[in-house]
Amino acid sequence: MARRLDYSARYPLHTTDELYAALQTKEYWEARVAEMRKYSPHNEVISHEVSDDGIDVVLAHTLPREMLPEIAQSVMRKDMVITRKESWGRFANDETEGRFSASIPAGPGSLNGTIRLFPTETGATMRFSPTAKVFIPMVGPRLEQLMLVNLVDLFRAEQEETLRWLEEAAARKTV
């Protein structure tokens, strides 16, 4: 049975316009990937495309096998290469929706979900709704829970980097 959760990244004092503008720049994604290198050394932006229909981004994260929890090492025999895709729709009426997925070659499960960017009274919020499914009897539920716990940590780190990036972007505009 798949496991699901909701996580809200809040951006007080920032508008949805500012966040969507950041998502449109490759520099923002490069900064996010650079920050993630603190946790695993091999991360990169594979592609970043912006069109009238929205934004499509593909990221690659490589986690060395020795960095994986013991239960994950029992399933993964080599480094874990994660391809992460995010697609954001058109920005209209101060909000947008998107989808994301993460895949691992020969991985024993799936991770995907939706993202919604919307305004709040104090700023903006990105709500992530991921679903994790692992197709291995007995250990599947434990791995699904582990995936979601680590995903929350990732969302928090990305939120902190986004806030830093937005503050630096605002400072560049005032100079």
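Residues numbered from 1 in each chain as written. Predicted model: local features only at pLDDT ≥ 70, side-chain atom pairs only at ≥ 80, totals over all residues. Heavy atoms only, no water.

The protein carries the name DUF2505 domain-containing protein in an unreviewed UniProt entry, which gives Nocardia rhizosphaerae as its organism.

Okay, the nonpolar core next. Grouped together as the largest cluster of nonpolar side chains are 39 residues, with contacts concentrated most on L23, W29, W88, M126 and F128. Considering each element in turn, this core owes the most residues, eight residues, to helix α4 (residues 140-174). Apart from the residues lying within four places of it in its own chain, the contact partners of F128 are L5, D6, Y7, A9, F100, T114, I115 and F155. (Core = buried A, V, L, I, M, F, W, Y, C linked by side-chain atoms within 4.5 Å. Buried < 20%, exposed > 50% of the residue type's maximum accessible area, 1.4 Å probe, protein only. Helix = DSSP H or I, 4+ residues; strand = E, 2+ residues; numbered from the N terminus. Contact = heavy atoms within 4.5 Å.)

Within the span of helix α1 (residues 16-23), buried status applies to T16, L19, Y20, A22 and L23. An end-on view of α1 places all buried positions within 155 degrees of arc, on one side of the element. (Arc of directions from axis to C-beta.)

Mapped onto the elements, E49 comes out in strand β3 (residues 42-51). In the structure, E49 is positioned 24 residues away from T25 in sequence and 9.2 Å away in space, judged by C-alpha atoms. Ignoring anything within four residues of it in the chain, the contact list for E49 reads G54, I55 and D56.

What follows concerns the side chain of H61. By the secondary structure assignment, H61 is in strand β4 (residues 54-63). Overall, the relative accessible area of 9% leaves H61 in the buried class.

Here R127 shows up in strand β8 (residues 123-134). When the C-alpha atoms of R127 and A9 are compared, they prove to be 6.3 Å apart, with 118 residues separating the residues in sequence. If near-sequence neighbours (up to four positions away) are discounted, R127 is found in contact with Y7, S8, T114, I115, R116 and F118. Of note is the side chain of R127, whose polar atom sits 3.0 Å from the side chain of S8. (Polar contact = N/O pair within 3.5 Å; in protein donor to acceptor, adjacent residues only side chain to side chain.)

This brings us to the packing of aromatic side chains. Across all of its chains, the model carries seven aromatic pairs by this definition. For the pair Y28 and W165, a centre-to-centre distance of 5.5 Å together with 80 degrees between the ring planes defines the contact as edge-to-face. Taken together, the residues span a long stretch of sequence, with Y28 in helix α2 (residues 26-36) and W165 in helix α4 at a distance of 137 residues. The two residues Y28 and W165 agree in class, both being buried. For the pair F100 and F155, a centre-to-centre distance of 6.2 Å together with 85 degrees between the ring planes defines the contact as edge-to-face. Placement of F100 in strand β6 (residues 96-103) and of F155 in helix α4 is noted, with a sequence separation of 55 residues between them. Comparing F100 with F155, the two get one shared label, buried. An aromatic cluster is present here, built from Y7, F100, F128 and F155 joined pairwise through their rings. The ring of F118 carries R116 above its face, with NZ or CZ at 4.3 Å from the centroid. (Phe/Tyr/Trp six-rings, centres within 6.5 Å; stacked < 30°, edge-to-face > 60°. Lys NZ or Arg CZ within 6 Å of the ring centre and 35° of its normal.)

Our focus in this paragraph is the pattern of salt bridges. Enumeration over the complete set of coordinates arrives at twelve salt bridges. Where R84 meets E86, a salt bridge forms, and the shortest distance between an N and an O atom there is 2.9 Å. The exposure class assigned to E86 is buried, which follows from its relative accessible area of 3%. A single network of salt bridges, built from pairs that share partners, joins R32, R84, E86 and E158. (Salt bridge = Lys/Arg side-chain N within 4 Å of Asp/Glu carboxyl O.)

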